[in-house]
Amino acid sequence: MKIKLEDKYLNDFINPREYYGIAPQIKTAHELLHSGHGLGSDYTGWLQLPKNYNKQEFQSILDAAKKIQEDTDVFVVIGIGGSYLGARAAIEFLSSQNYNSLPKKTPSIYFIGNSISPMALSETLKLCEGKRVSINVISKSGTTTEPAIAFKVFREFLENQYGKEEASKRIYCTTDRAKGTLKKLADDEGYETFVIPENIGGRYSVLTPVGLLPIAVSGADILNIMEGAAKAHDDFLDDRIDFNICYKYAAIRNILFRKGKLIEILASYEPRFALMSEWFKQLFGESEGKDQKGVFLASVIFSTDLHSMGQLIQDGSRNIFETVLFLDNVKQDIIIKEDPQNMDGLNFLAGKTMSYVNQKAFEGTVIAHTDGGVPNVVLHLPDVSEDTLGYLVYFFEKACAISGYTMGTNPFDQPGVESYKKNMFALLEKPGFSLTNR
């Protein structure tokens, strides 16, 4: 398996018999998921996706990405929630959080339509001035407020810059196969379209055209991503937690939750993992947070946050546990050199690499936090390659589904998300809406 689960830091918090006790519930969750009899089963298309994705559309994604790389300086991705988090997380995981600033042969990629901030939208428009621009608007309906506003503004920007006919060649729509406002507009205007599968929800859509087009534009090998996910699919078919680390992770989360560990902190030691943490929080938070249940998700980047949140984790309320993502092999490394005068007192590190120091920071931290009463489960990643990314995405998606079923929730709906929209529309005086509470 490409991911290694290290559970030795849980020995003081989980008794082996607890795994035995929860195993039947995990097995039931497996049966619900794979039989299609569980809650929300209409949205489990991601389960077999790495094995049966549309090869023809996949080639269309590659062709579109190549065209965009050749005729575009700035690629603007418009979407919210799962329509942008997965793609951005993947690009930063594989390249860098500084992707847009690094020398490259691919377009800069900006993600907008994920807020209603006029400043953020104005800044992105300014970044596009004098550049060759293409956009990818991602929305199943085309009427979600945040991306719809951004698309309205950028569509006008492109038509003013290129004219309507040329602008239509620079607008790519990822939307419903047959219905919705955006689909109709795309058909009327001749925009190239990609399909959001009806049986896959937004937060599970990274490996669909929703995520794959922006990821491919960044220069990543999306075929290797799918191959990594396919390997994860095969590795996580056994319903026994002793032989399936994905299911064991789901079991660990549920055992700790029932013991009052109500907050899960995803910790990592590489800044490029920051957006992966944001995707993780949406995936689990939107899947489990309902029916007055759910683990609250937070994230930290160490060692940076050891100088802030580290204090709370070490000495604060004992209602938290940590899931640590640790990268075993880095792309680049730096050797620490000796200073003849030892002015900074760091000569004891001379000849050692920064990755070695980072590893010792990780080891020291996980020991300290465990000793302080915080359970830690460690997920070791071998590298930041495309196949590892695909593997990790599928690992978390399936763990989330199994964990949600074990918790007794529907991991594939999000009824609470609609509440703010109804109130916002009422306050904006949209016909047909009134405040739910005053």
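Peer 1: What should I look at first to understand the overall build of the protein chain in this one?
Peer 2: Of the regular secondary structure elements, the protein chain holds 16 helices and 10 strands. The C-alpha radius of gyration of the protein chain comes to 23 Å, within 12% of the 22 Å expected for a compact globule of 438 residues. A burial count over the protein chain gives 51% of its 438 residues as buried. Sequence separation of at least 24 residues holds for 79% of the intrachain contacts in the protein chain that already meet a minimum separation of 6. Carbon and sulfur atoms make up 52% of the accessible area of the protein chain, which totals about 20000 Å². Counting 47 positive and 55 negative side-chain charges, the protein chain places the centres of these two groups 2 Å from one another.

Peer 1: Explain the sheet that holds strand β3 (residues 108–112) here, please?
Peer 2: Strands pair in a sheet through their backbones, by hydrogen bonds, and they do so in one of two ways: parallel or antiparallel. Here 5 strands make up an open sheet; going across it, the order is β3-β2-β4-β5-β6 and the pairing parallel. The sheet is open, and its two borders are formed by β3 and β6 (192–195), each paired with just one other strand. Going across the sheet, the axis of each strand differs from the next one's by a mean of 20 degrees, ignoring polarity. Across 4 bridges, the pairing between strand β4 (residues 133–138) and strand β5 (residues 171–175) is parallel. Residue pairing in the sheet places Ile 138 in a bridge with Thr 174 of β5.

Peer 1: Help me understand helix α6 (residues 145–162) in this model?
Peer 2: Each α-helix turn comprises 3.6 residues. Residues three or four places apart therefore point the same way. Counted at 1.5 Å a residue, the expected span for α6 with its 18 residues is 26 Å, and the 26 Å between its end C-alpha atoms agrees. Positive backbone phi, approximately 90 degrees, marks Gly 163, located one or two places after α6.

Peer 1: What should I look at first to understand the sheet that holds strand β7 (residues 263–268) in this one?
Peer 2: An order of β1-β10-β9-β7-β8 is seen for the 5 strands of this open sheet, with the pairing classed as mixed. At either end of the open sheet lies a strand with only one pairing partner, and these are β1 (4–6) and β8 (296–301). Between one strand and the next, the sheet's axes are offset by a mean angle of 20 degrees, whatever the strand orientation. Of the strand pairs in this sheet, β1 and strand β10 (residues 376–381) are connected by 3 bridges, and their pairing is antiparallel. Along β10, the bridge assignment pairs Lys 4 with His 380. In the packing of helix α14 (residues 354–371) onto the sheet, the strands contacted are β9 (320–327) and β10, and the crossing angle to β10 comes to about 160 degrees.

Peer 1: Honestly, helix α15 (residues 386–407) in this entry has me stumped. Any pointers?
Peer 2: Relative to the 32 Å expected for 22 residues at 1.5 Å per residue, α15 spans 31 Å between its end C-alpha atoms, a close match to the ideal helical length. Of the residues flanking the end of α15, it is Gly 408, one or two places downstream, whose phi is positive at about 90 degrees.

Peer 1: Just checking my understanding: could you explain the side chain of Lys 290 for this structure?
Peer 2: Take Lys 290: it is sitting in the loop between α12 (274–288) and β8. When its relative accessible area of 9% is taken as the criterion, Lys 290 is described as buried. Look past the residues within four positions of Lys 290 in its chain and what remains in contact with it is Arg 203, Thr 409, Asn 410, Pro 411, Phe 412, Asp 413 and Gln 414.

Peer 1: Looking at this structure, I do not really get the environment of Leu 379. What am I missing?
Peer 2: In this fold, Leu 379 is placed in strand β10. The sequence separation of Leu 379 and Asp 7 amounts to 372 residues, and the corresponding C-alpha distance is 8.9 Å. In this structure Leu 379 touches Ile 3, Lys 4, Leu 5, Thr 323, Val 324, Leu 325, Phe 326, Phe 395 and Phe 396, once residues within four positions along its chain are discounted.

Peer 1: Explain the packing of helix α10 (residues 222–235) against α15 here, please?
Peer 2: Axes are the key here: two packed helices are described by the angle between their axes and the distance separating the axes. Interhelical geometry of α10 versus α15 gives an angle of 45 degrees and a closest axis separation of 6 Å. The angle between α10 and α15 places the two elements in the oblique class. Our pair here, α10 against α15, has a crossing hand that is right-handed. Judged by residue contacts, Asn 224, Ile 225, Gly 228, Ala 229, Lys 231, Ala 232, His 233 and Asp 235 of α10 engage Glu 386, Asp 387, Leu 389, Gly 390, Tyr 391 and Tyr 394 from α15.

Peer 1: Looking at this structure, I do not really get the pairing of β3. What am I missing?
Peer 2: Within a regular beta strand, the side chains point alternately toward one face of the sheet and then the other, so they alternate between its two faces. Within β3, 4 of the 5 residues are buried, leaving the element largely enclosed by the surrounding structure. In the sheet, strand β2 (residues 74–78) pairs with β3 via 5 bridges, with the strands oriented parallel. By the bridge assignment for β3, Val 76 is matched with Tyr 110. This β-α-β element, β2 to helix α4 (residues 85–94) to β3, shows right-handed connectivity.

Peer 1: In this structure, what is going on with unusual backbone geometry? I would like to understand it.
Peer 2: For residues other than glycine, phi is negative in most cases, and the peptide bonds are mostly trans. Residue Phe 302 is joined to Ser 303 through a cis peptide bond whose omega torsion reads 5 degrees. Within the fold, Ser 303 resides in the loop between β8 and α13 (309–315). Its identity as a non-glycine residue notwithstanding, Gln 292 has a phi of 60 degrees, on the positive side. Within the fold, Gln 292 resides in the loop between α12 and β8. Taking the relative accessible area as the measure of exposure, Gln 292 reaches 84% and is therefore exposed. You will see that Asn 342, though not glycine, has its phi angle at about 50 degrees, which is positive.

Peer 1: Please clarify how the pattern of salt bridges should be interpreted in this entry.
Peer 2: Side chains that differ in charge, positive against negative, can pair when their charged atoms come close. For the structure on display, the rule yields 26 salt bridges. Residue Lys 248 pairs with Asp 7 through a salt bridge whose shortest N-O separation is 2.6 Å. Taken together, the residues span a long stretch of sequence, with Lys 248 in helix α11 (residues 245–258) and Asp 7 in the loop between β1 and α1 (16–35) at a distance of 241 residues. Put simply, Glu 92 and Arg 88 hold a salt bridge, and the shortest N to O gap is 3.2 Å. Placement of the pair is Glu 92 and Arg 88 together in helix α4, with a separation of 4 residues, close to one helical turn. Judged by its relative accessible area of 8%, Glu 92 is buried. A cluster of three or more residues bridged by salt bridges with shared partners is formed by Arg 155, Glu 159, Lys 164 and Glu 189.

Criteria and thresholds
- Residues numbered from 1 in each chain as written.
- Predicted model: local features only at pLDDT ≥ 70, side-chain atom pairs only at ≥ 80, totals over all residues.
- Heavy atoms only, no water.
- Helix = DSSP H or I, 4+ residues; strand = E, 2+ residues; numbered from the N terminus.
- Rg over C-alpha atoms; globule rule 2.2 N^0.38 Å.
- Buried < 20%, exposed > 50% of the residue type's maximum accessible area, 1.4 Å probe, protein only.
- Contact = heavy atoms within 4.5 Å.
- Areas by Shrake-Rupley, 256 points an atom, 1.4 Å probe, with all protein chains shown as cover.
- Lys, Arg positive; Asp, Glu negative; His and termini not counted.
- Charge placed at Lys NZ, Arg CZ, Asp CG, Glu CD.
- Pairing = 2+ DSSP bridges.
- Axes fitted to C-alpha atoms, helices over the stretch in contact; angles between N-to-C directions.
- Expected span 1.5 Å × (residues − 1).
- Parallel < 35°, antiparallel > 145°, perpendicular 65-115°, else oblique.
- Left-handed = near helix turned anticlockwise from the far one by under 90°.
- Right-handed = clockwise from strand over helix to strand, strands pointing away.
- Salt bridge = Lys/Arg side-chain N within 4 Å of Asp/Glu carboxyl O.

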